[in-house]
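Summary of the model geometry
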Amino acid sequence: MTPSTESLIETEYRLGAHNYKPLDVVLSRGEGVFVWDIDGNRYLDCLSAYSAVNQGHCHPKILAAMVEQAQKLTLTSRAFRNDQLAHFYEEIAALTGSHKVLPMNSGAEAVETAVKAVRKWGYEVKGVPEGRAEIVVCSNNFHGRTMGIVGFSTDPDARTGFGPFAPGFRHVPFGDLDAFRAAINENTVAFLIEPIQGEAGVIIPPAGYFTAVRELCTRHGITLILDEIQTGLGRTGKLLAEEHEGIEADVTLVGKALSGGFYPVSAVLSNSEVLGVLQPGQHGSTFGGNPLACAIARAALKVLVEEDMIGNSERMGDRFQEGLKGIRSNIIKDVRGRGLMLAVELDPAAGGARKYCEALKERGILAKDTHGDTIRIAPPLVITGDQVDWALEQFEAVLRT
Ligand SMILES: *Cc1c(COP(=O)(O)O)cnc(C)c1O
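From a predicted model like this one, the values you see are computed outputs, not experimental measurements.

**So, the overall build of the protein**
Secondary structure assignment for the protein yields 15 helices and 15 strands. The C-alpha radius of gyration of the protein comes to 21 Å, within 12% of the 21 Å expected for a compact globule of 401 residues. Each principal axis of the C-alpha distribution contributes one length, and for the protein these read about 60 × 55 × 45 Å. Buried residues in the protein amount to 55% of all 401 residues. The long-range share in the protein, meaning contacts at least 24 apart out of those at least 6 apart in sequence, stands at 72%. Looking at the protein as shown, the accessible area adds up to about 18,000 Å², and 52% of this sits on carbon and sulfur atoms. Each charge sign in the protein was given a centre, from 39 positive and 50 negative side chains, and these centres are 2 Å apart.

Below you can see the structure in the form of structure tokens.
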């Protein structure tokens, strides 16, 4: 007999660390925008594994590329070369207009890599005195969970109890240009920022903010590092969210959907200068750039473009956002988003977003509450108009007052 939902949850609770509090649904299958639990109930996935499955669950072409490569060669380490890496470099560089690529695995590793590279760039190219490099980051940022990263988080849950932390970071409020200007000094090597703050609740900066940030960075010789691990690869209706602002970052971080959810693949994309400072032996990863990861990422990028998922994200995002804005409800405080990166912020008096996510689950929608009062909505980019309309009916049923 297959174990029940309750017994699987009990086992997880007994044996696992309690570092997550998932919705109590145990999934065993996924296809496109849908996932199924072990009892056969179907759900529309409105989280997409935090935007890692932009291409939809178990995309057949990515799956085929994975199986084909897994039968040939999976891992060589970077001690030897493999026949996939150069193609991956070429394709991602052409697509994003980058000059150098450094492949890693998780998003957090890409962030750590960028921090290391940009500090070294600061000392070797910008001429900052050794040990004095400063990186400006934003309040309420989310860049991952490693020691270096939680050290510059402002979220008490993320950092309390985990110190001591590495110095060299300065905080400014997201979207506040004057604060950024004031934080700059001769030792500032980089500004690390998300184009839209995802985990903070899909926070969109004021119009013109990034144009001005770009100008300040250029004028002061500061590397602009955009963390597009969540916003990138079609999520906001553009390949990269920077396109909404008409700017180009010096360093761009991608991850999550870079594999379409099949495998952890991330990358640092940069101009020649910043990644150019890294010499053999100074940075690496056993799995980074392995042939299986490269083959999967190549297929994941290919279907994203070939199947017009980016255009679909823009069109379906507009339709979804408009529909959400049309729901008559006195508990909805705000509806916002770009492309299919959407959020409904509830009035604090509504008693928190979690119970609405539970109610949505009963109606066949999986969505995630974030920061107490916000429901984040980010379905796979392959969602159709009919599926958006059906989802809107469920949201309306749960949120209408
Ligand atoms: C998810 C995320 C990360 C971290 O990625 P992991 O693969 O979980 O390490 C970093 N930055 C942003 C903006 C993210 O959304």
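**Considering the packing of helix 13 (residues 309–325) against helix 15 (residues 385–399)**
Close contact between helix 13 and helix 15 brings their axes to 10 Å; oriented N to C, the two are set at 20 degrees. For the element pair helix 13 / helix 15, the angle class is roughly parallel. Crossing of helix 13 over helix 15 shows right-handed handedness. Contacts between helix 13 and helix 15 involve Met316, Arg319, Phe320, Gly323 and Leu324 on the former and, on the latter, Gly385, Asp386, Val388, Asp389, Ala391, Leu392 and Phe395. Looking at the contact of helix 13 with helix 15 residue by residue, the class counts come to seven nonpolar, two polar and three charged.

**Here we look at the domain arrangement of the protein**
Here the protein is described as being made up of domain 1 (5–58 + 308–399) and domain 2 (60–306). Using only C-alpha atoms to locate each centre, domain 1 and domain 2 end up separated by 26 Å. Contacts between the two partners involve 30 residues from domain 1 and, on the opposite side, 32 residues from domain 2. On inspection of domain 1 and its partner domain 2, the count reaches two salt bridges.

What counts, and at which threshold
- Residues numbered from 1 in each chain as written.
- Predicted model: local features only at pLDDT ≥ 70, side-chain atom pairs only at ≥ 80, totals over all residues.
- Heavy atoms only, no water.
- Helix = DSSP H or I, 4+ residues; strand = E, 2+ residues; numbered from the N terminus.
- Rg over C-alpha atoms; globule rule 2.2 N^0.38 Å.
- Buried < 20%, exposed > 50% of the residue type's maximum accessible area, 1.4 Å probe, protein only.
- Contact = heavy atoms within 4.5 Å.
- Areas by Shrake-Rupley, 256 points an atom, 1.4 Å probe, with all protein chains shown as cover.
- Lys, Arg positive; Asp, Glu negative; His and termini not counted.
- Charge placed at Lys NZ, Arg CZ, Asp CG, Glu CD.
- Axes fitted to C-alpha atoms, helices over the stretch in contact; angles between N-to-C directions.
- Parallel < 35°, antiparallel > 145°, perpendicular 65-115°, else oblique.
- Left-handed = near helix turned anticlockwise from the far one by under 90°.
- Nonpolar A, V, L, I, M, F, W, Y, C, P; charged D, E, K, R; others polar.
- Domains from an automatic or database assignment.
- Salt bridge = Lys/Arg side-chain N within 4 Å of Asp/Glu carboxyl O.

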